[in-house]
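The lines below spell out each chain.
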Amino acid sequence: METDCNPMELSSMAGFEEGSELNGFEGTDMKDMRLEAEAVVNDVLFAVNNMFVSKSLRCADDVAYINVETKERNRYCLELTEAGLKVVGYAFDQVDDHLQTPYHETVYSLLDTLSPAYREAFGNALLQRLEALKRDGQS
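Residues numbered from 1 in each chain as written. Predicted model: local features only at pLDDT ≥ 70, side-chain atom pairs only at ≥ 80, totals over all residues. Heavy atoms only, no water.

Asks: Help me out: how do you make sense of the overall build of the protein chain in this one?
Replies: Helix and strand content of the protein chain: four helices and four strands. When the helices and strands of the protein chain are placed in sequence order, the string is α-α-β-β-β-β-α-α. Counting across all 139 residues of the protein chain, residues that qualify as buried make up 38%. Considering only contacts in the protein chain between residues 6 or more positions apart, those separated by 24 or more positions represent 38%. Roughly 8,700 Å² of accessible area belongs to the protein chain as shown, and the carbon and sulfur atoms make up 51% of that amount. (Helix = DSSP H or I, 4+ residues; strand = E, 2+ residues; numbered from the N terminus. Buried < 20%, exposed > 50% of the residue type's maximum accessible area, 1.4 Å probe, protein only. Contact = heavy atoms within 4.5 Å. Areas by Shrake-Rupley, 256 points an atom, 1.4 Å probe, with all protein chains shown as cover.)

Structure below.
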């Protein structure tokens, strides 16, 4: 069975609502997409060659852009909105308005479709964590 859940996602999301005053909308559910984008980058940076929030494309409360280079050296520009993430360009900081790509609920799902090397790196990292937990449980 395939899942979009990252075990580390739960711990990184736990304090999000508490920090809502950081985006100037204290007491609302409005998210600052730049902060969301930074969290996305930090979650999967280990499994790609390069990933960063775009500094040249407009970020707002409802949209942010992330540049990613996969281990296969393919470059993408991703759009992050409440709907999820989707590829909007095939180069850093490039938005092709005519490109029709599907939204993915998570960055894990998106990268899983784009990069077999991501899938392998993610699986290896998960295996290493499980082995570490097993060692800790035996000591």
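Asks: Can you walk me through the sheet that holds strand β4 (residues 84-89) in this structure?
Replies: Working definition: the strands of a sheet are paired by backbone hydrogen bonds and lie parallel or antiparallel to each other. Strand order in this open sheet of four strands is β1-β2-β3-β4, and the pairing throughout is antiparallel. The outermost strands of the open sheet, each flanked by one partner alone, are β1 (50-53) and β4. Each strand axis lies, on average, 25 degrees off the axis of its neighbour in the sheet, ignoring direction. Across six bridges, the pairing between strand β2 (residues 64-69) and strand β3 (residues 75-81) is antiparallel. Counterpart to Y65 in the pairing with β3 is E79. Sitting on the sheet, helix α2 (residues 33-44) touches β1, β2 and β3, and the angle it makes with β1 is about 165 degrees. Packed onto the sheet, helix α3 (residues 107-114) meets β1, β2, β3 and β4 and runs at close to 40 degrees relative to β4. (Pairing = 2+ DSSP bridges. Axes fitted to C-alpha atoms, helices over the stretch in contact; angles between N-to-C directions.)

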